[in-house]
Amino acid sequence: MSTIAQASVPPARASGARARLQNWLPRLVLAPSFAAILVFVYGFILFTVYLSFTDSTILPRYGLVGWANYERLWRLPNWWIALENLAIFGALYIGICVVIGLFLAILLDQKIRGEGVLRPIYLYPMALSFIVTGTAWKWFLDPGIGLEQVMHHWGWTSFHFTWIKDTEMAIYCVVIAAVWQSSGFVMAMFLAGLRGIDNEILRAAQIDGASTFQIYRRIVIPQLRPAFLSAFVVLAHLAIKSYDLVVALTNAGPGRATELPATFMYSYTFARNSMGVGAASAVIMLMMIASVIVPYVYAEIRGGGNER
Amino acid sequence: MAFLEIVDLEKSFGNVRVLKGINLEVEEGDFLVLVGPSGCGKSTLLNTIAGLEPISGGEIRINGRVVNDLAPAKRDIAMVFQSYALYPNMTVAGNIAFGMEMRGIPKAERDRKVAEVAKMLQIDHLLDRRPSRLSGGQRQRVAMGRALVRDPQVFLFDEPLSNLDAKLRVEMRTEIKRLHSSMGTTIVYVTHDQVEAMTLATKIAVLKDGVLQQFGTPDEVYNDPANIFVADFMGSPAMNLIPARVDAGAAEPMLVLDRGSEEPLRLPLNGAAPKLANAVGGDIFFGIRPEALTDPDSADRTASHVAHGECTIEVVEPTGSDTFAITRLGGKPVVARLRADARVRAGEPMRLAFNLDKTVFFDAKTEQRIA
Amino acid sequence: MSAEAGTTGARQSRLSRALLYALLIVFAVYYLLPLFVMLVNSVKPLSEIRGGNMLALPHEFTTAPWKSAWNEAQIGVSATGLAPYFINSILMVVPAVAISLIVGALNGYVLTKWRFPGANVVFSLLLLSCFIPFQIVLIPMARILGIIGLAGSISGLVLVHVVYGIGFTTLFFRNYYEAFPTELIRAAQIDGAGFWRIFTRILLPSSGPIVVVTIIWQFTNIWNDFLFGASFSGFDSMPMTVALNNLVSSSTGVKEYNVHFAGAIIAALPTLVVYIVSGRYFVRGLMAGAVKG
C-alpha cells in the first residue's frame, strides 16, 4: 500500500530533546561513513585529478602545468604497451572466462552426481590471493622447472613452452593464470542463472519438440542475459584493476612486456618519480572503470526502483 | 465527543496526496472497518492512526487527546499486522511479552499476563515455540495475543486474515467478532474484503483514491450506497448497475431499460418518481441487487412494489443454494438470483420480478445517488 | 532446470554421459593442478625439483621447506621467515573486519529502516565507492597516512581497509535488511522499542547469515590484498601477501622453489580454510558483491 521509500519514516515531529535526538540518530549513525567516503574516496579522487595537472614528481607539488602530464602520458611507449596489453588481456580474460564458465555451468546442470564435490573444486581459486596464484603459475610455467620440464620427463623432448620468458607471449601467461582464478566464479554466476529459469518454460519447449541443444541455444542462454551482463561488468572491472597477479607472475616483465595500466601507474608514481604522470594514468583508469560501472549501477538502481 | 476522531486528515508522500481530507468519528466500543480497493489509502490511514507514518495535516484524537505528535508506543494502541510481524528470533511468549518488557513491566507480571492471554486464545501450549514452527492460524493467534496483552484503548488490524486460507479465515473472523463483543474495545480494521467488512463492522468507511466515499453502518452502506463506487464495491455478487433512461410516460415517469433487439422494458418508478423528476429524458444508472431481481415465486412478499418483465436468459449458473441467471439489460449483463430449482434454460425468455423497494438510482455523469 | 535436463539426460546414450563426466573431471584436474604442484613440491628437496618432474610425487619427503618458509627464509633484509608477517596480517585483518562489519550493519539498518531525505544519495555514493580503482586514491592516502602519523603502521592499514570496505559491507547489510519485513520494525515501534533496541533485539538476532557472509568477504579481501599492503606498509608491518611476494621475487641467491611453494600455501591457508568450512557463504558473498547493485 505504502511505498517502501516511505514505509519506515518515523514520526517526524516528535517533541522533546530525547525525541529530537531519536529523529537525528539515523543521520548521526550514518554520518561518519558518509564523511569518510566523501574524504577518502571522492576527496581523494579530486586530489588525484588535481595532481594530474601539476608538476608533481617524487612528492606532490602544486604548480599547475595544464595538460602536460596527459600529453606526456600519451607519448610514452610504456603506456601504449600497457593499454595494448590491457586490451589483449581484457578481451581474452573476459571471453575465455565466460566461455568456460558457461560451458561448465551447463555441464554441471545435467543432473550430475558429485556436483557437490566438483563445484567447490571449480570455485576455490577465487579464495586465493593473486600473489599465491601468481607464485604457483610462475614456477609451473617456468621453462626450467615447470611444464616444459614435465613434458621432457614424460618423453616429449621436443616440447617447448617458453611464453613466460617471451616478450610477445608473456601476456598470455597472465591470461592463463587469471582465467584459472576467475572462471569458476563465472561458472557459479551462470549456474545460479540456470537454476533460476522457470521449469515450466522448459517443459513447454520440450513439448514443442525442441532438443536439449535447441533448448539451451534458443531458450536458456537468451534468458541468461543478466548473468552475462554481471559477468562482463565484474570481469572488466577486475581486468582494469589487475595488479597483484602481474606483479607476482611476471613483475610486468620480461622487460616491461606485461605492463598493465595498474603496474604502470605504480611504477611511474612511486619508482620513477613521475607522480604527475602516475596521477594522470590513474585518472584514465578511473574513467575506464566508470564507463563500465556507472551505466550498470545506474541500471540496477533504476531497475530496483521499477520493481517497487 | 467521540472516542476516536479523525479531522481533515491529510497525508502526502512527496507530491502525491494519499489521503485527502478524511473525517471520521467512532464511539468507544465501535468496530470500524476501513474498506476499499488496493491503493485507496486505507492502510495509510491505519498507519497514521498508529503513528507509524507522520501526517501532513489535520488532527487525530483518541479519547479526547490529540496524538498527532506522539510516538506509536505512547498512543495506547495495539496493532495486528497483515504478515503478523512476529519477531522470528523470539518464542511465542517472548513475542507477546516484548512490549511489556520495553515498558519495564516486571517479569512476574509479564509472565502472568502472557499466560492469561495465551489461555484466552488457546495458544498456551505453544508458548515456547518459535514463530517459524507455527501454522498460519497459530501465528495469527499469537499476533492477536501480542495486541490483547497490552489492553489498549484502540486495536488496529491491518488485513489480519488475508494470509489465511478460506476456511480458517471464516473461523478467525468469527473469533475476532466474539472477542470484540466480549471485550468491547474499540477496533479499527482494514480489509479489502467487503464480506469481512459487512460481517465484522459496526461502522464501515469506504475509501477510494484517498477520499472517503461513505461512512455509515453496514446496513446503510449496503442498502443506501452514496454513489456508484460504493454500490459496486459492496456486496457479492455485485449490484447490477444498468444504464437506463427516465421517460415522462403517460401517467407518471417510467424507467426504460434497453433489451437489445426486443422492445425496451418499461418499469414503474413508484416512490422514486418525485426525486427523478429532474432526470426525465436524461441518462441514469439503475441499481438493483441480484437478490432483488428474482423469479416471481421468490419475490419478497413483504415488498410494497414488485414489477415484472420478460428477459432473455443468456447464461445459467447454479451454485447449489441458488441459481444465478444472467440476462442483458441496457446493453450490460445483469445477474438475477433465482431459487435453486427454478426452471430456467439459457437462450429462453423468463419472467423476472423486480423488487422496486430495493432499487437505487445514480446520475450517469456525477455517479452520485439521486434516488 | 536440472529436473528437465535429467529427463533428457536419461534418454542420452551412455557414451555422451561418460564424455560429460570425463570433461568435468578434466576441468577438475585443471583447477586442482596448481594446488597439487604447490603441495607436492613444498615437501621435496630443492634438487628434486630442479632436476626432476614437477608433477611427480616426492622421492624424499621433507618438511624443511615449510620450516624454512615459516621462520627461517630471507624476507627483505632479515631471515625471519613468514611468521611475523602472518601475525601482521592477523593483527590487520581482525580489527579491520570487525570495524567494517559493525559500521556496515548500522549503515544498512539506517538505509533501509530509518530512511531520511538524501539517504539514497548517501547510498549511491557508498555503492560507487566499491568500484573505484584504488590507484586513484594511492597518492593522497600515502600523504594522509603520513600526516596523521600512521604511515608504515598496521593501524594505517586497518584504517585503509575499513574505509574502502564499508561500501561493500553496507551494500551487503542494506540488501539483506531491505528484505527484512518492515512490519516487524513497526510492531517493535508500537511495542515501544527505539532505534538501538530495534537493532539489537529484532534485527541483529536475525542477521546471522549476512554477518557470516560479510566476515568471509572482508576477511578474504583484506587477507588477500596486496596493493595497499605494498603501498602503505613498512618493513615491520608488511602483511603476508607482500612478504610472500618479496620471498618469491627476491633476486639474490638460489631460488628455493620448495620454500616458495610452502610459503604460498601458508599464505593461502587461512582463506582456504574459511572457504572449505563455509563455502556456501563464501559463494553467497561473491554473488552479493558482484551481481546485486
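Residues numbered from 1 in each chain as written. Chains lettered and ligands numbered in written order. Predicted model: local features only at pLDDT ≥ 70, side-chain atom pairs only at ≥ 80, totals over all residues. Heavy atoms only, no water.

**Q** Which residues make up the UniProt feature "transmembrane region" (unreviewed entry) in chain A, and what values go with them?
**A** The residues that UniProt annotates with the feature "transmembrane region" (unreviewed entry) are residues 28-53, 86-109, 121-141, 169-194, 224-240 and 275-298 of chain A. Secondary structure across residues 121-141 of chain A comprises 67% helix and 0% strand; the distance between its end C-alpha atoms is 21 Å. (UniProt positions renumbered as here; feature names shortened; annotations may be inferred. Helix = DSSP H or I, 4+ residues; strand = E, 2+ residues; numbered from the N terminus.)

**Q** Tell me about the nonpolar core, residues and numbers included.
**A** For soluble globular proteins, the rule of thumb is that nonpolar side chains tend to be buried together. Within the largest apolar cluster, 246 residues are counted, with the highest numbers of intra-cluster contacts made by Tyr122(A), Leu45(B) and Tyr164(C). The contact partners of Tyr122(A), leaving out residues within four places of it in the chain, are Leu104(A), Leu108(A), Gly184(A), Met187(A), Leu24(C), Phe27(C), Ala28(C) and Tyr31(C). Counting residues in hydrophobic clusters, the runner-up holds 45 residues, among them Val149(B), Phe157(B), Leu179(B) and Ile187(B). (Core = buried A, V, L, I, M, F, W, Y, C linked by side-chain atoms within 4.5 Å. Buried < 20%, exposed > 50% of the residue type's maximum accessible area, 1.4 Å probe, protein only. Contact = heavy atoms within 4.5 Å.)

**Q** Go over the sheet that holds strand E10 (residues 211-216) of chain B with me, naming the residues and quoting the values.
**A** All names here are of chain B. Taken in spatial order, the six strands make up an open sheet running E6-E7-E8-E3-E9-E10, and their pairing is mixed. Each having just a single partner strand, strand E6 (77-80) and E10 make up the two edges of the open sheet. Pairwise comparison of adjacent strand axes, ignoring direction, gives a mean angle of 15° for this sheet. When strand E3 (residues 31-35) meets strand E9 (residues 203-208), the two strands line up parallel, connected through four bridges. Bridge pairing in E9 links Leu34 to Ala205. Strands E6 and strand E7 (154-158) of the sheet are contacted by helix H4 (residues 136-148), whose axis makes an angle of about 175° with E6. (Pairing = 2+ DSSP bridges. Axes fitted to C-alpha atoms, helices over the stretch in contact; angles between N-to-C directions.)

**Q** Mind laying out the domain arrangement of chain C, listing which residues take part and the relevant values?
**A** All names here are of chain C. For chain C, the assigned domains are domain 1 (2-68) and domain 2 (83-291). Computed from C-alpha atoms alone, the centre-to-centre distance between domain 1 and domain 2 is 32 Å. Contact residues are listed per partner, giving 15 residues for domain 1 and twelve residues for domain 2. In this assembly, domain 1 packs against domain 2 so that about 1100 Å² is buried in total across both faces, 84% of it on carbon and sulfur atoms. Among the residues of domain 1 in contact with domain 2, Met38, Leu46 and Trp66 are the three that bury the most area, contributing 46% of the side total. Scanning the region where domain 1 abuts domain 2 turns up zero salt bridges. (Domains from an automatic or database assignment. Buried area = accessible area lost by both parts, 1.4 Å probe. Salt bridge = Lys/Arg side-chain N within 4 Å of Asp/Glu carboxyl O.)

**Q** Before we move on, can you summarise the pattern of salt bridges with the specific residues and values?
**A** In this structure the tally under the stated criterion is 25 salt bridges over all chains. A salt bridge links Arg186(C) to Glu53(B), with the shortest nitrogen-to-oxygen separation between them at 3.0 Å. One end of the pair, Arg186(C), is in helix H10 (residues 182-190); the other, Glu53(B), is in the loop between helix H1 (42-50) and strand E4 (57-62), on a second chain. Judged by relative accessible area, which is 2%, Glu53(B) ranks as buried. Residues Arg112(B) and Glu116(B) are paired through a salt bridge, measuring 3.4 Å at the closest nitrogen-oxygen approach. On the criterion of helical spacing, the pair formed by Arg112(B) and Glu116(B) is a turn pair, its members being four residues apart in helix H3 (residues 107-121). Residue Arg112(B) is classed as partly exposed on the basis of its relative accessible area of 47%. On the accessibility criterion, Glu116(B) (49% relative accessible area) is partly exposed. Among the charged side chains, a network of salt bridges with common partners joins Asp109(A), Glu115(A), Arg119(A) and Arg195(A).

**Q** Go over the interface of chain C and chain A, please, and point to the residues and values.
**A** In this assembly, 102 residues from chain C lie in contact with 109 residues from chain A. Interface area, chain C with chain A, both sides summed: about 9600 Å², of which 73% is carbon and sulfur. On inspection of chain C and its partner chain A, the count reaches zero salt bridges. Run the count over chain C and chain A and you get 22 residue pairs in polar contact (both at pLDDT 80 or more). Counting residues per element, the side of chain C that touches chain A draws most heavily on helix H2 (residues 14-42) of chain C, at 15 residues. Residue classes in the side of chain C that touches chain A are distributed as 66 nonpolar, 24 polar and twelve charged. (Polar contact = N/O pair within 3.5 Å; in protein donor to acceptor, adjacent residues only side chain to side chain. Nonpolar A, V, L, I, M, F, W, Y, C, P; charged D, E, K, R; others polar.)

**Q** Before we move on, could you go through empty space enclosed by the protein and cite the residues and values that matter?
**A** For the structure on display, the rule yields six cavities of 30 Å³ or more. One number sums up the size of the largest cavity: a volume of about 1000 Å³. Those elements that place two or more of their residues in the lining of the largest cavity are helix H4 (77-108), helix H8 (170-195), helix H11 (225-241), helix H12 (244-249) and helix H14 (275-307) of chain A together with helix H12 (208-224), helix H13 (227-232) and helix H16 (279-291) of chain C. For the lining of the largest cavity, the leading source of residues is H12(C), giving eight residues. Class assignment for the residues of the lining of the largest cavity results in 30 nonpolar, 13 polar and three charged. Each pocket or cavity is described by its volume, and for the second largest cavity that value is around 90 Å³. (1 Å grid on protein atoms, 1.4 Å probe; cavity = no way out; pocket = protein on both sides within 12 Å on 5 of 7 lines; lining within 4 Å. Points joined across faces, edges and corners; volume = space filled by probe spheres on them.)

**Q** Report on the domain arrangement of chain A, specifying residues and quantitative values.
**A** Residues and elements named next belong to chain A. Its domain assignment divides chain A into domain 1 (4-51) and domain 2 (76-307). Distance from the C-alpha centre of domain 1 to the C-alpha centre of domain 2: 37 Å. Residue-level contacts link four residues of domain 1 with six residues of domain 2. Counting the surface domain 1 buries against domain 2, the share from its top three residues, Ile45, Thr48 and Leu51, is 83%. Viewed at the interface, domain 2 and domain 1 are joined by zero residue pairs in polar contact (both at pLDDT 80 or more). Its residues assigned to classes, the side of domain 1 that touches domain 2 shows three nonpolar, one polar and no charged.

**Q** Any details on the pairing of strand E12 (residues 254-259) of chain B? Residues and values, ideally.
**A** Residues and elements named next belong to chain B. Within E12, five of the six residues are buried, which leaves it mostly tucked inside the rest of the structure. Of the strand pairs in this sheet, strand E11 (residues 240-247) and E12 are connected by three bridges, and their pairing is antiparallel. What sits directly across from Val246, in E12, is Leu255. The loop that links E11 with its antiparallel partner E12 comprises six residues; one of these, Gly249, has a positive phi angle of about 70°. Where E12 lies against strand E13 (residues 262-268), five bridges are found, and the strand directions are antiparallel. What sits directly across from Leu255, in E13, is Leu267. The hairpin formed by E12 and E13 contains two residues between the paired strands, and Gly260 there has a positive phi angle of roughly 70°.

**Q** For the packing of aromatic side chains, give the residues involved together with the corresponding values.
**A** The final tally for this structure, using the stated rule, is 47 aromatic pairs over all chains. Summarising the aromatic geometry, the rings of Phe103(A) and Phe27(C) are spaced 6.1 Å apart at their centres and angled 55° between planes, so their arrangement reads as tilted. Placement of the pair is Phe103(A) in helix H4 and Phe27(C) in helix H2, with the two residues belonging to separate chains. On the basis of relative accessibility, which here comes to 37%, the residue Phe103(A) falls in the partly exposed class. Note on Tyr164(C) and Phe228(C): the rings are 5.6 Å apart at their centroids and 25° apart in plane angle, and the pair reads as stacked. Placement of Tyr164(C) in the loop between helix H8 (154-163) and helix H9 (166-178) and of Phe228(C) in helix H13 is noted, with a sequence separation of 64 residues between them. By relative accessible area, which is 3% here, Phe228(C) ends up buried. Here a set of aromatic residues connected by ring pairs shows up, and it is made of Trp74(A), Trp79(A), Trp80(A), Phe264(A) and Tyr268(A). Over the ring of Trp24(A) we find Arg27(A); its NZ or CZ atom is 4.6 Å from the centre of that ring. Here Arg289(B) stacks its cationic end above the ring of Tyr222(B), 3.8 Å away from the centre of that ring. (Phe/Tyr/Trp six-rings, centres within 6.5 Å; stacked < 30°, edge-to-face > 60°. Lys NZ or Arg CZ within 6 Å of the ring centre and 35° of its normal.)

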